[in-house]
Each structure stands twice: as C-alpha cells, then as structure tokens.
Amino acid sequence: MAKIYIPYGTVEGQTAHIVEYIADVVRANGHQAETADLKHSPGPFPGGYDGVIVAASVHVGKHEGYVADFVKKNRAELERLPSALVSVSMAAHGDEQTAEGYVEKFEQDTGWRPAHIGLFAGAVLYTHYGFIKKHVMKKIASDKGSPDTDTSRDYVYTEWDGVRRFTEDFLARFAEPPAQS
Ligand SMILES: Cc1cc2nc3c(=O)[nH]c(=O)nc-3n(C[C@H](O)[C@H](O)[C@H](O)COP(=O)(O)O)c2cc1C
C-alpha cells in the first residue's frame, strides 16, 4: 500500500473536486491519499509519502502562484518521489496546445519537470461568479464561438474517466507483485 500526497490550488473549486476524485481513485485501488489545499495549509512537505500529485488551475494564463511557490520550495522532494502534475484549465477542453503552453510556463517558472502530466478541462461556474467575472467569462465564451453562454447555469467540462485513467496509470508503479504460490 502506498501513501499519496495531493497538494493543490483552486480558485472556484473545480480543482478541489478533481483532487477529491483522484483521492477516491487512490483509495479504491487500496492505497492511502491525503489532500492539502495549499492556500490554507502551505506548510512544509510532510514526510512519509511514497508519491505526490500536485494539482493547480489556470487563471489569466497562469497557475496559482502559491502552488508555484510550494513547488519551488519542495522541488528536491518532488524530484525524489514519483510525482505528477495535474493542470486544470478551459484550454484543456479542445485547445491542447494552449493547455500545454501553461504547463511549459509553470515548468520554466518552477524548474520542476514532472514525468507525469494530466491536462484536464475545468468548469465555467457562472452561478458562482460575481457580476464582473460572470460577464467576462460569458464574453470569452461567445468570442470563441462557444454556445455555453447561459449564465443561469454552470458548465462542467471535466472528463472524469480521463482523470481516473491518469490516476490509475500513476498508481501502476505501486502495484504489489502477485503473491508466489
Ligand atoms: C477569471 C477566470 C480566468 C480564467 N482564465 C483562464 C485562462 O487564461 N486559460 C484557461 O484555459 N482557462 C481559464 N479559466 C478557466 C479555469 O481554468 C476553469 O474555470 C477552472 O475550472 C478553474 O479551476 P478552479 O475552479 O479549481 O479554480 C479562467 C476562469 C476564470 C473564472
């Protein structure tokens, strides 16, 4: 059984949902998972973990600065352990090149080049946004020709099966060898 640490950043909460889903998949595969919202617990990297999945979301072209700070501070540990980055953005919904560009920027900023990267689409949560954010996001959607401009509802683009497969691929290295008979 492996212990997986999942520190993350989120602004509107979709990355927190994705992280909880990842933690559920980790547990369903017989391992332990602990999540940490870095905005509220940016403390040092706790010991005793076998792997780590860092998750962050993109706003105005960048991942959360406090996640980048955490990665810079704990780079040695992230390089020592099997580790992965989960990047949540709207670009991951059909504009892979832009989504990859955000990760490239994050890698340049932090110096960490994770071996495993998951690019997942987030959500447009109109009903949770304040007045300005709602109208900015509606304008971005309509400028892109997206039909998803009804601000009385939310649009979730995350493909949960992809999140599950990514997590299971990451966990494959921790699988117990079959018992000898
Ligand atoms: C104000 C704002 C700015 C955003 N900027 C970008 C952006 O530059 N690129 C992108 O791909 N997605 C962008 N998004 C989409 C977010 O990445 C998406 O809503 C994601 O689900 C947010 O994750 P979170 O809920 O964990 O914060 C933006 C969303 C908001 C609300």
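Because the structure is predicted, anything quoted here is derived from the model rather than measured. (Residues numbered from 1 in each chain as written. Predicted model: local features only at pLDDT ≥ 70, side-chain atom pairs only at ≥ 80, totals over all residues. Heavy atoms only, no water.)

**Student:** Hey, could you run me through helix α6 (residues 160-171) in this one?
**Tutor:** Note on helix geometry: an α-helix contains 3.6 residues per turn, so any two residues three or four positions apart are oriented the same way. Under the 1.5 Å per step criterion, the end-to-end length of α6 is 16 Å for 12 residues, consistent within 8% with the ideal 16 Å. Of the positions making up α6, those classed as buried are G162, V163, F166, T167, F170 and L171. Buried positions along α6 lie against β1 (3-8), α1 (14-28), β3 (51-59), β5 (83-89) and β6 (116-121). (Helix = DSSP H or I, 4+ residues; strand = E, 2+ residues; numbered from the N terminus. Expected span 1.5 Å × (residues − 1). Buried < 20%, exposed > 50% of the residue type's maximum accessible area, 1.4 Å probe, protein only. Contact = heavy atoms within 4.5 Å.)

**Student:** Can you help me understand the environment of K62 in this one?
**Tutor:** As for its placement among the helices and strands, K62 is situated in strand β4 (residues 62-63). Put simply, K62 and G101 are 39 residues apart on the chain and 9.9 Å apart in space, counted from C-alpha to C-alpha.

**Student:** How do you make sense of the packing of helix α2 (residues 65-73) against helix α4 (residues 96-110) when you look at a structure like this?
**Tutor:** When two helices pack together, you describe them by how their axes are tilted relative to each other and by the distance separating the axes. One can describe the packing of α2 onto α4 by two numbers: an axis separation of 9 Å at closest approach and a directional angle of 45 degrees. Taken together, the axis directions place α2 and α4 in an arrangement best described as oblique. Our pair here, α2 against α4, has a crossing hand that is right-handed. Listed contacts from α4 to V67, A68, V71 and K72 of α2 are F106, D109 and T110. Within the contact of α2 with α4, the residues separate by chemical class into four nonpolar, one polar and two charged. (Axes fitted to C-alpha atoms, helices over the stretch in contact; angles between N-to-C directions. Parallel < 35°, antiparallel > 145°, perpendicular 65-115°, else oblique. Left-handed = near helix turned anticlockwise from the far one by under 90°. Nonpolar A, V, L, I, M, F, W, Y, C, P; charged D, E, K, R; others polar.)

**Student:** Any chance you could explain the site of the ligand here in plain terms?
**Tutor:** Taken together, 21 residues form the shell around the ligand, and within it T10, V11, T15, V58 and A123 come nearest. Residue V11 places a main-chain N or O atom 2.7 Å away from an oxygen atom belonging to the ligand. Here the ligand has 630 Å² of accessible area as a free molecule, and 89% of this is covered by the chains. Elements represented by at least two residues in the shell around the ligand include exactly α1, β3, β5 and α5 (131-143). The element that contributes the greatest number of residues to the shell around the ligand is β3, accounting for three residues. Taken together, the residues of the shell around the ligand sort by class into 10 nonpolar, nine polar and two charged. When we break the shell around the ligand down by domain, the ones giving at least three residues each are domain 1 (3-122 + 159-174) and domain 2 (124-156). (Near = heavy atom within 4 Å. Polar contact = N/O pair within 3.5 Å; in protein donor to acceptor, adjacent residues only side chain to side chain. Areas by Shrake-Rupley, 256 points an atom, 1.4 Å probe, with all protein chains shown as cover. Domains from an automatic or database assignment.)

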